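Per-entry structural report
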Amino acid sequence: MPDRLGSVQLTDVVRYAGASGDLNPLHYDPSFARAAGHEELFAMGALHGAWLVSHVVSQGASPPEGAPWFLRLRYHGIVPLGLDLAAESSIGPDRTTADLTGGGERKVSLELAGLDAPPAAGGGRDEQRCTFPVELGTSKRFGEAVRWPEPLAPGRPVPPTYLSVLSFWLPNPDPIDRVGFDRSRTLLGETSIQLTRDPVRVGEVFEVREYVGAERTRAGRAGEMRLVDLVAELSDATGLRVVYRNTFILMPARAEAAPLNGSRDPETGQVFYPARALSVDGRLRPLVESALATEGVLYSWTTYEGTAYGQIDLDDGVRLQVRLAPGEHQIGARYRMAGSPDGDRWFAHA
């Protein structure tokens, strides 16, 4: 049976933002999130991804000793605040896998296993460098934010994703600014950490070389997405120890829906949809084309195969049956028409 992990709350987001330096307002500013096309606030992928890492460690997962290894987190969908999360894992001596699910959907997948060869240095553009001390206080704050199950003290391993706190030491600390993406359309797609041997420990000091790596495109349901890697290489006196890579995704721009057109009776002001050519009072009065109102009140709603549908009473008197945005819905609440990348229309809270 999956293990329940609870839900991400706004306090968790704020705690993680302070511990990691991830200050993207998509996750804590409702106005910014709505302007970006999101119905509600959602968690940073790295936050609940780190919860999943902490969970498998609490269940006994560990990297191979004295050999190269990697941890990979892949983010499959956003996690709205308040969504109940569960984890299911398979822990073995050579490989651990796990999935984090919420609302019946996979949100994050994890893989922890050995590498065939130690990680190698790469290259890219816009290189920057810094010295990175693994501080006890910073690691404790991060550990609390990600539910790290082990004690943190000098010489003890830090959570693998602790490397995100590089933001506090790099000359340009903003990863989204580094990759040059629009903040309102940027999501984290994957985190990969490759190590030459043992985990990073409290008290170690690294020289960091960070750069913007490979960029490519990929087709998605919403259109073409751009992906780019931000890579940090951590070295000590023994040479390259860690290659830490985050892959950011620039989602396609949100398409605006074309207006829905009906017809209006110029004498009575009544609006019809679908459009009619003549009046309904028997006088055969020609009607004129008219765009429907774009806001109204939710009359009723239901779900079918995971998608919400509702009847909206528009402000001009027309009742439409439409698709609704994901999330909770309330009869009597005001809704606004929006566009979707597939050319369909949906309504969201106004």
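Structure first, text after, so check above.
Note that the coordinates shown come from a computational prediction; the quantities given were computed from them, not determined experimentally. Sequence order sets the numbering: in each chain, residues are counted from 1 along the sequence as written. In keeping with the model being predicted, local features are shown solely for residues with a pLDDT of at least 70 and side-chain atom pairs are shown and tallied solely at 80 or more, while totals for entire chains, interfaces and linings include all residues. The basis for the side-chain values is all heavy atoms of the structure; hydrogens and waters are excluded.

1. Concerning the sheet that holds strand β11 (residues 261-264)
Within a sheet, adjacent strands bond to each other through the backbone by hydrogen bonds, running parallel or antiparallel. Threshold: Two strands qualify as a pair provided that DSSP identifies no fewer than 2 bridges between them. By the criteria applied, helices consist of DSSP H or I runs no shorter than four residues and strands consist of E runs no shorter than two, each listed in order from the N terminus.
Read across the sheet, three strands follow the order β12-β11-β13 without closing on themselves; strand pairing throughout is antiparallel. Of all strands in the sheet, those with a lone pairing partner are β12 (271-272) and β13 (288-291), marking the two edges.

2. Digging into the packing of helix α1 (residues 10-20) against helix α4 (residues 136-145)
Just so we agree on the cut-off: All axes here are fitted lines through C-alpha atoms, helices being fitted over the stretch that makes contact, and every angle between N-to-C directions spans 0 to 180 degrees. If an angle is under 35 degrees, it is roughly parallel; if it is over 145, roughly antiparallel; if it lies from 65 to 115, roughly perpendicular; otherwise it is oblique. Crossing handedness is defined as follows: a turn of the near helix away from the far one that is anticlockwise and smaller than a right angle gives a left-handed crossing, while the clockwise case is right-handed. Whether two residues touch is decided by their heavy atoms; if any such pair falls within 4.5 Å, the residues are in contact. Each residue is assigned to one class: nonpolar for Ala, Val, Leu, Ile, Met, Phe, Trp, Tyr, Cys and Pro, charged for Asp, Glu, Lys and Arg, and polar for all the others, Gly among them.
Axis separation between α1 and α4 bottoms out at 9 Å; the angle between their running directions is 155 degrees. Here α1 lies roughly antiparallel to α4, going by the angle between them. Classified by chirality, the crossing of α4 by α1 is left-handed. Facing α1, whose interface residues are R15, Y16, A19 and S20, α4 presents R141, F142, E144 and A145. Looking at the contact of α1 with α4, its residues break down into four nonpolar, one polar and three charged.

3. So, α1
One full turn of an α-helix is made of 3.6 residues, so residues set three or four places apart face in the same direction. What counts here: Buried, partly exposed and exposed residues are distinguished by accessible area as a fraction of the type maximum, computed with a 1.4 Å probe on protein chains only: under 20%, between the cut-offs, and over 50%, respectively.
Taken together, the buried positions of α1 are D12, V13, Y16, A17, A19 and S20. Buried residues along α1 sit against α3 (45-58) and α4. The first or second residue beyond α1 is G21, which carries a positive phi of 85 degrees.

4. Overview of the packing of aromatic side chains
Rule in force here: Centres within 6.5 Å make a pair out of two Phe, Tyr or Trp rings, where for Trp the six-membered ring is used; the pair is then stacked when the planes are under 30 degrees apart, edge-to-face when over 60, and tilted otherwise.
Throughout the structure, instances matching the rule amount to five aromatic pairs. Both rings, one in F132 and one in W169, keep their centres 5.3 Å apart while their planes meet at 70 degrees; by these two values the pair is edge-to-face. Highlighted residues: F132 in strand β6 (residues 125-133) and W169 in the loop between α4 and α5 (175-179), separated in sequence by 37 residues. Judged by relative accessible area, which is 23%, W169 ranks as partly exposed.

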